[in-house]
Amino acid sequence: MSTPLPSIRHNRAVSTQTGLRRVAVVTLYRGGTSLVVEPTSLRLTQDSRRTMRWDGSMTIADETLIPVTPRDILTPFGTWVDVSLGVKLLDDTVSMVPYGRFMISKARAKTDPENAVIDISLIDPAEAVERYRFEEPLTVASGTDLAQMVNIVITSRTGTNPNVTTVGQTLGANRVFGLDPETGPWSEILDVLNGFGLTAWYDRVGQIVIGTVDVD
């Protein structure tokens, strides 16, 4: 298990013959509102071999959550989904760790006289950056630390500075982003980092990390 649970007792239980139950906690965030939901099904992927490492899907059986306005919490693009995973022992004690942060890209409601369910598609947070193409070119000056370059581009696209930690390597020449309308900002960031033997990804808590391709 690459990420130990915070409880030593629960962590030992994972690798021993005992009674335990897997637990998932899914929390939605949008516009200052948060809501914990209980999906009837949940599929999650984390794959460091892909440009977009995170994706998934879930189904929620709650008619009151069917999105009908742009402000509703299950409305695509704008709602963040945090997932924590862990185990519950026979005495009902639970230990959890963060698994990942996703964004809702699609929500489709299916209703009939008996019930209503919402099928939800989840994507990597980097998709939100990738899809927001530049309206005009953005120049990042030579000598800029690679982390600051990422901060500049992400802030330009999302309005929020991710505050990526300085890596100590800098651009050798000016880099102009947005010259190719067919290439997204996230792909351009990865292209620059690849030239330094690095890459970037969103970690389990939704923070951008710069490092080598071989990731734990």
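Residues numbered from 1 in each chain as written. Predicted model: local features only at pLDDT ≥ 70, side-chain atom pairs only at ≥ 80, totals over all residues. Heavy atoms only, no water.

## A few points about the overall build of the protein chain
The secondary structure content of the protein chain amounts to 4 helices and 11 strands. A buried classification covers 39% of the 216 residues belonging to the protein chain. Pairs at least 24 residues apart make up 59% of the contacts formed inside the protein chain by residues separated by at least 6 positions. Accessible area of the protein chain: about 12100 Å², with a carbon and sulfur share of 48%. Side-chain charges of the protein chain comprise 20 positive and 25 negative groups, with the mean position of each set lying 5 Å from the other. (Helix = DSSP H or I, 4+ residues; strand = E, 2+ residues; numbered from the N terminus. Buried < 20%, exposed > 50% of the residue type's maximum accessible area, 1.4 Å probe, protein only. Contact = heavy atoms within 4.5 Å. Areas by Shrake-Rupley, 256 points an atom, 1.4 Å probe, with all protein chains shown as cover. Lys, Arg positive; Asp, Glu negative; His and termini not counted. Charge placed at Lys NZ, Arg CZ, Asp CG, Glu CD.)

## Observations concerning helix H3 (residues 146-158)
Along its 13 residues, H3 runs 18 Å from first to last C-alpha, staying within 8% of the 18 Å computed at 1.5 Å per residue. Taken together, the buried positions of H3 are occupied by Leu146, Ala147, Met149, Val150, Asn151, Val153, Ile154 and Arg157. Taken together, the buried residues of H3 touch helix H2 (126-130), strand S8 (138-140), strand S9 (175-177), helix H4 (185-194) and strand S11 (208-211). Of the residues flanking the end of H3, it is glycine 159, one or two places downstream, whose phi is positive at about 85 degrees. (Expected span 1.5 Å × (residues − 1).)

## Considering the layout of surface pockets
Of the pockets and cavities examined, the largest pocket occupies roughly 520 Å³. Around the largest pocket, the lining comprises 19 residues; the ones closest to its centre are Arg22, Val23, Ala24, Leu85 and Gly86. Looking at the lining of the largest pocket, the elements with two or more residues in it are strand S1 (20-30), strand S3 (41-46), strand S5 (80-89) and strand S6 (94-111). Classifying every residue of the lining of the largest pocket by side-chain character gives 11 nonpolar, 3 polar and 5 charged. Of the voids in this model, the second largest pocket is the one considered here, and its volume is about 340 Å³. Around the second largest pocket, the lining comprises 15 residues; the ones closest to its centre are Trp80, Ile154, Thr158, Thr160 and Tyr202. Contributing elements (two or more residues each) for the lining of the second largest pocket: S6, H2 and H3. Looking at side-chain class alone, the lining of the second largest pocket contains 9 nonpolar, 5 polar and 1 charged residues. (1 Å grid on protein atoms, 1.4 Å probe; cavity = no way out; pocket = protein on both sides within 12 Å on 5 of 7 lines; lining within 4 Å. Points joined across faces, edges and corners; volume = space filled by probe spheres on them. Nonpolar A, V, L, I, M, F, W, Y, C, P; charged D, E, K, R; others polar.)

## Side note on the pairing of S5
Put simply, side chains in a regular strand alternate between the two faces of the sheet. Looking at chain direction, S5 and S6 are connected through 9 bridges and run antiparallel. Bridge pairing links valine 81 to phenylalanine 102 in S6. Connecting S5 to the antiparallel partner S6 that follows it, the hairpin turn spans 4 residues, and aspartate 92 within it adopts a positive phi of roughly 75 degrees. (Pairing = 2+ DSSP bridges.)

## Some thoughts on the nonpolar core
Counting residues in each nonpolar core, the largest one holds 42 residues, and the members touching the most others are Leu74, Val81, Met149, Phe177, Trp186 and Ile189. Among the elements that line this core, the one with the most residues is H3, at 6 residues. Not counting residues within four places of it along the chain, the set of residues in contact with valine 81 comprises Val26, Thr27, Leu28, Met58, Gly100, Arg101, Phe102, Ile104 and Leu122. (Core = buried A, V, L, I, M, F, W, Y, C linked by side-chain atoms within 4.5 Å.)

Purely geometric stuff here, so don't read any function into it on its own.
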